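Close look at the chain arrangement
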Amino acid sequence: MWRNYLTVAVRALIKSRTYAFINLFGLTVGLAACLTVFLYTRYELGYDSSLADAERTYQLQQWVVGTDDPNLEIPFGTQMTSYVSGQRLRQFPQVESAVYVNQMQPIILQNGQGTVSEHFVFVDGPLFDVIRLPFLRGDRRTALRAPDTMVLTQSEAMRRFGTVDVVGRTLTLAFAAGRVDYRITGVVRDPPRDSHLALSVVARLDFESLFGEDSPFLTGWMPKNGWVYARLRPGADVAEIARQMPAWERRNIPDEIVGGERMNPGTNVDWRLVNVRDIHLGESANGMRPINDRGTIAALAVVGALFLALAGVNFVNLATARATQRAREVALRKVLGASRRQLVVQFVGESLLVTAAAMVIALALVEMLLPYVNAFADVELAMSYWGEGGLLLPAIALVLVVGGAGGLYPALMLAAFRPATGLQANPAASDTPGSGRLRNALVVGQFAVSIGLIICTTIIYAQTAYARTVDPGYRRDGLLQIDHAYRAALRPVMDTLLREIGQVEGVTSVGRSTIGVATWGMENMTVTAPGGAEGDQFELYRVDPGFFRTMGIPTVAGRTFSERQAMDDSTLPLDSEDPDADVAALARRGYNVVLNALAARRLG
């Protein structure tokens with residue numbers, strides 16, 4: 001019987017080649033789109049799931065929960081927090097270990113040359129006791145236990161030495177503390193691409209010796225200057241830690257005297273422990289890598305489901321429209337004794353056969369297109385059919401669902417034909433009552449969804465084109481940006497460096513800013529206009545006189561900074577050796593600033 005069903009199904013498809021091609025093409029495109037979206041969605045939802053003991057690994061995040069600034073959405077979270085918060089986090093008995101991570105970007109001296117590593121971080125303790133990346137060389141238990149030691153990732157070791165057998169070698173770092181030789185104590189496997197971590201070199205640093213015991217870097221609670229990671233003890237309840245956080249904040253954050261009034265800087269700020277698997281799709285910014293959001297992933301999943309639904313609707317429409325051509329076949333089978341159940345099984349089987357063939361082609365298509373998808377979306381999607389994360393079971397499930405759902409109604413409709421009407425001269429008379437209305441409804445729905453997707457695509461394209469072509473307020477063409485140029489090791493030679501860069505052929509101007517284009521940096525200050533009752537929050541950029549000329553920012557009124565104007569410089573060295581006295585003297589003297597047009601309007 002099954003052999004007969006298969007033979008009839010193949011003959012029917014060969015006989016109606018155009019119908020078979022349209023069905024296969026539509027289902028193939030729908031299934032391929034659905035599989036690609038499925039791979040991408042699973043990839044995004046699986047961030048950091050491969051980390052060992054990920055369920056016990058958390059990041060301490062700093063959240064603003066209250067502010068007087070009407071332009072800031074509340075709550076607003078950042079992955080970065082202060083050094084002291086990481087130290088005080090160890091007070092919780094549920095915390096097995098915690099580590100502070102800071103990205104300083106020192107200069108690495110090797111073979112007489114100075115280079116930098118993009119993802120260089122300093123830590124105050126054994127990072128890999130908290131984040132368990134696999135070691136290729138060295139021992140996790142001893143690496144980073146001592147000061148002036150470092151661990152390289154596999155790619156960094158290969159880039160610098162051409163081998164991963166580098167344990168025991170040294171690299172010289174030039175940063176604020178001067179030149180220090182660091183001994184390599186381990187090599188770890190590169191963090192997977194589906195991880196929020198971006199590491200190349202991890203070095204142990206004694207922050208307290210570097211900054212001094214009373215440094216605001218070490219004692220300030222509000223600065224967001226690094227990341228804090230914690231590993232909880234087995235069975236620890238993170239919800240219990242969250243309940244204890246308010247008391248922990250009151251116990252540790254000291255009051256400050258601001259404007260003659262005592263206030264606690266932690267009043268409008270909360271600290272939260274977030275599992276590493278929830279960081280990438282969380283709401284907090286300032287991460288090592290760009291984040292995503294669950295709404296975008298959900299919308300993409302809906303689009304993938306709509307593509308598949310369109311293919312299924314197309315399949316049903318074609319099957320029902322072609323039903324009259326098989327009315328006589330159904331009538332003959334019924335005359336020869338075929339039951340309704342046997343006919344339903346036959347036609348659903350044909351639907352599953354077509355869907356299975358489309359799935360095979362779709363899998364091949366996805367494999368061919370996957371490198372282009374990875375390059376376009378900057379991801380590392382991979383296909384495997386067996387084991388955990390394999391596509392075989394999802395593919396079979398899709399075939400059963402799509403083939404069964406798409407073929408069930410046409411099968412029921414065909415099986416309902418009466419032999420007398422099916423064998424008469426006019427085959428159109430054998431149409432099942434109501435099938436025309438269903439086809440019309442499906443076609444209308446199909447066109448509505450298609451038009452909706454086209455409109456959404458057009459809007460997204462228009463927004464993207466607008467973002468690429470709109471005037472950003474500065475000249476983008478020919479602009480090069482060097483990140484982290486304000487590192488302490490470069491400051492003594494910065495003027496010389498700028499002159500050398502300015503003499504490079506093709507360079508027309510050079511400027512400096514503490515905050516770059518498209519970076520996470522942010523520095524706020526409260527500004528009150530003369531006679532104003534309340535201050536307003538403004539973002540602060542520290543720049544040199546060459547900044548506006550280099551960026552091509554037009555002047556609306558007044559002038560920009562000049563080397564010849566002493567009041568334009570807010571960093572003039574003062575006579576006092578007391579930093580507080582320096583600040584007071586600078587405040588008495590004052591200095592010039594440049595506002596943009598929006599700031600001027602906000603100040604009235």
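To start, this report covers the structure provided alongside it. This structure is a prediction, so every number in the text was calculated from the model and none was measured.

Overview of the overall build of the protein
Helices and strands together make up the secondary structure of the protein, namely 18 helices and 17 strands. Buried residues in the protein amount to 39% of all 604 residues. Of the contacts formed within the protein by residues at least 6 apart in sequence, a portion of 71% connects residues at least 24 apart.

Details of the nonpolar core
Within the largest apolar cluster, 41 residues are counted, with the highest numbers of intra-cluster contacts made by L89, F122, M150, Y182 and M245. Among the elements that make up this core, the one with the highest residue count is strand β10 (residues 178–188) (four residues). With sequence-adjacent residues up to four places away left out, M150 is seen in contact with F120, L144, L171, L173, Y182, R183, I184, T185, G186, V201, V202 and A203. Counting residues in each nonpolar core, the second largest holds 29 residues, with L39, L281, A358 and V399 among its members.

Remarks on the side chain of S117
Within the element layout of this structure, S117 appears in the loop between β5 (113–115) and β6 (120–123). Assessed through its relative accessible area of 1%, S117 is described here as buried. Polar side-chain contacts of S117 include one of 2.5 Å to the side chain of E156. Setting aside residues up to four positions removed in sequence, S117 forms contacts with Q105, I108, E156, R159, R160, S200 and V201.

Remarks on the layout of surface pockets
Size it by volume and the second largest pocket reaches roughly 1000 Å³. As for the second largest pocket, its lining consists of 26 residues, and the residues nearest its centre are Y40, T296, L300, F376 and A377. Those elements giving two or more residues to the lining of the second largest pocket turn out to be α2 (17–45), α9 (294–321), α11 (340–377) and α14 (435–469). In terms of residue class, the lining of the second largest pocket is built from 17 nonpolar, five polar and four charged.

How each quantity is defined
Residues numbered from 1 in each chain as written. Predicted model: local features only at pLDDT ≥ 70, side-chain atom pairs only at ≥ 80, totals over all residues. Heavy atoms only, no water. Helix = DSSP H or I, 4+ residues; strand = E, 2+ residues; numbered from the N terminus. Buried < 20%, exposed > 50% of the residue type's maximum accessible area, 1.4 Å probe, protein only. Contact = heavy atoms within 4.5 Å. Core = buried A, V, L, I, M, F, W, Y, C linked by side-chain atoms within 4.5 Å. Polar contact = N/O pair within 3.5 Å; in protein donor to acceptor, adjacent residues only side chain to side chain. 1 Å grid on protein atoms, 1.4 Å probe; cavity = no way out; pocket = protein on both sides within 12 Å on 5 of 7 lines; lining within 4 Å. Points joined across faces, edges and corners; volume = space filled by probe spheres on them. Nonpolar A, V, L, I, M, F, W, Y, C, P; charged D, E, K, R; others polar.

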